Amino acid sequence: MLLCTRKGCGKHFEQGSTDSCIHHSGAPVFHEGLKSWSCCNDINKPVLDFDEFMKLPGCTEADCHTNETLKVEAPKSSSSATTFTMSESGSGKETYSSGIPPVPASVPHHPPAVAPIEVEEDDLSVVIAPGTACRRNGCKAIFVSDAINRQGDGEGTVCTYHPAPPIFREGSKGYLCCKRRVLEFDEFLKIRGCKTGKHLFSPPKSLPAAEQEIATCRVDHYQTVNEVHVSIYAKKADKERSIVEFEETQVKFTIYFPESKKFSRTLDLFGPIDPKQSTYEVLGTKVELHLRKRDGRSWTLLEKTSQDIGNISLTFGVGGRTGTIGAKELVLDDVNKAREAQ
C-alpha cells in the first residue's frame, strides 16, 4: 500500500483509489511552545503537545490521495550590501572595518546529563484492530495481524523509532534522542528513528485510581443573563479521557493530565441549569464550561452555600465578561420578580 504525502493525512491507500484526502494546505506554525497550522489556526486552536498537534483534523479536501514528493521552495538568501567605514589613528594609519562586531570564540558546551527514558512496552493481551498505527515517534508501521507485527522476530515486528520527544528551537526541528536537526517540517517527519525495538500498538495504560496523583486547578467564572461560564485552568488536559457530566443542580467533572494526574470536583450550583443545552470544550490551557441557566436570575455565587452572605449580587457587562461584585440590584425573571414583591 502507498502512503499519502499530504500534510495532516498520512493514510495508506491502494494505487488508483478514489477516496477523498483530508489534509492541511498550509504550513505548520510553532510559536512559544504552541503548535498549529497556518491554514486553519482560527478553527483548530493551537496546542502544546506534539501528539495533539499531529491529530489536528485537516481543513482541505482533495479528490484523491497522492504519494508524489511535495516540492519545497528553498529559502531566499538575502543579499545585503556590506558598508565599510574608515578610521584614522593619530599616527595617520587608516583602518577599514565592515562595522560587524567580531564573533567571540566559542566556549565548550557540555550538555546536561539526560535522564534515562522509560520505554513503554506493548500489551500483547490487548486486541488490536487492523489498520492501527504504531504509537512510537518516527514509526509509520500499520498493524496487519499479531502473526506479522507482534509475534516472533520477523521483519514486520521490528520498530525503528525515537524514544525521546521532539524538540523545536529557533526554527530547527529534531528529537532529543539524536543529533540531527532540520528546518523544514516535511524533513522533520522523515527523520529516521535512532533505536530499534518492538512496536507499540496498545493504547496508553491508565493507573488505578488509588495510584493517580491528585492535581489542583484554579476555577473562575463569570455570567451573562442567560449563561454562566466556568473556566478550569487545566493545562495539557487530556481531551479524550476527561469527563464532564451536567445535571440540573450539579456539574461533575474529572480532568486527566499526563503523568497519571487528575483533577476531580463536583459543583453544587447556585441555581438550576438546562443540562441538554449546557456544553464544554477542552482548550490548550483550560477547560471551559458553558452552563445554560434554567431561569434568567442572577447568581450570587457559583455554588450554593448555607452561610448568610447578605444582600450581594452580580452585575453584567455588555459582553458578559465584566461582571463585578457588589451591585445594588438583582437581575430577576418575571417569576422571581413577583416573588420578591410579596
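Residues numbered from 1 in each chain as written. Predicted model: local features only at pLDDT ≥ 70, side-chain atom pairs only at ≥ 80, totals over all residues. Heavy atoms only, no water.

Caption draft 1: Representation of the pattern of salt bridges within the structure. As enumerated under the stated definition, the model contains 13 salt bridges in all. With its nearest N and O atoms 3.0 Å apart, the salt bridge here joins Arg150 to Asp122. Of this pair, Arg150 sits in the loop between α2 (146-149) and β9 (158-161) while Asp122 is found in the loop between β8 (94-97) and α2, placing the two residues 28 residues apart along the sequence. Residue Glu227 is joined to Arg292 by a salt bridge in which the shortest nitrogen-to-oxygen separation is 3.9 Å. (Salt bridge = Lys/Arg side-chain N within 4 Å of Asp/Glu carboxyl O. Helix = DSSP H or I, 4+ residues; strand = E, 2+ residues; numbered from the N terminus.)

Caption draft 2: Quick look at the sheet that holds strand β11 (residues 172-175). The strand order across the open sheet built from 3 strands is β10-β11-β12, with neighbouring strands paired in antiparallel fashion. If you trace the sheet from one side to the other, it starts and ends with β10 (166-169) and β12 (181-182), each paired once. Where β11 meets β12, 2 bridges bridge the pair, whose relative direction is antiparallel. When the bridges of β12 are listed, Lys173 appears paired with Val182. (Pairing = 2+ DSSP bridges.)

Caption draft 3: Examining the side chain of Asp274 more closely. With respect to the secondary-structure elements, Asp274 resides in the loop between β19 (261-268) and β20 (279-282). One buried charge, Asp274, has no salt-bridge partner; the nearest side chain with opposite charge is Arg294, at 4.1 Å. At 3.2 Å, the side chain of Asp274 forms a polar contact with the backbone nitrogen of Lys276. What Asp274 contacts, discounting residues up to four positions off in sequence, is Arg292 and Arg294. (Buried < 20%, exposed > 50% of the residue type's maximum accessible area, 1.4 Å probe, protein only. Lys, Arg positive; Asp, Glu negative; His and termini not counted. Polar contact = N/O pair within 3.5 Å; in protein donor to acceptor, adjacent residues only side chain to side chain. Contact = heavy atoms within 4.5 Å.)

Caption draft 4: Focus on the environment of Glu281. With respect to the secondary-structure elements, Glu281 resides in strand β20. Of the residues examined, Glu281 reaches a relative accessible area of 35% and is grouped as partly exposed. Those residues in contact with Glu281 that sit more than four places away from it in its chain are Lys286, Val287, Glu288 and His290.

Caption draft 5: Structural context of the sheet that holds strand β16 (residues 227-233). Pairing in this open sheet of 4 strands is antiparallel, and the strands run β15-β16-β21-β20 from one edge to the other. Looking at which strands have only one partner, the edges of the open sheet turn out to be β15 (218-223) and β20. On average, each strand axis in the sheet is tilted by 15 degrees relative to the strand beside it, whichever way the strands run. Judged from the 6 bridges that link them, β15 and β16 form a sheet pairing that is antiparallel. Each bridged residue has a counterpart across the sheet, and for Tyr222 the counterpart in β16 is His229. (Axes fitted to C-alpha atoms, helices over the stretch in contact; angles between N-to-C directions.)

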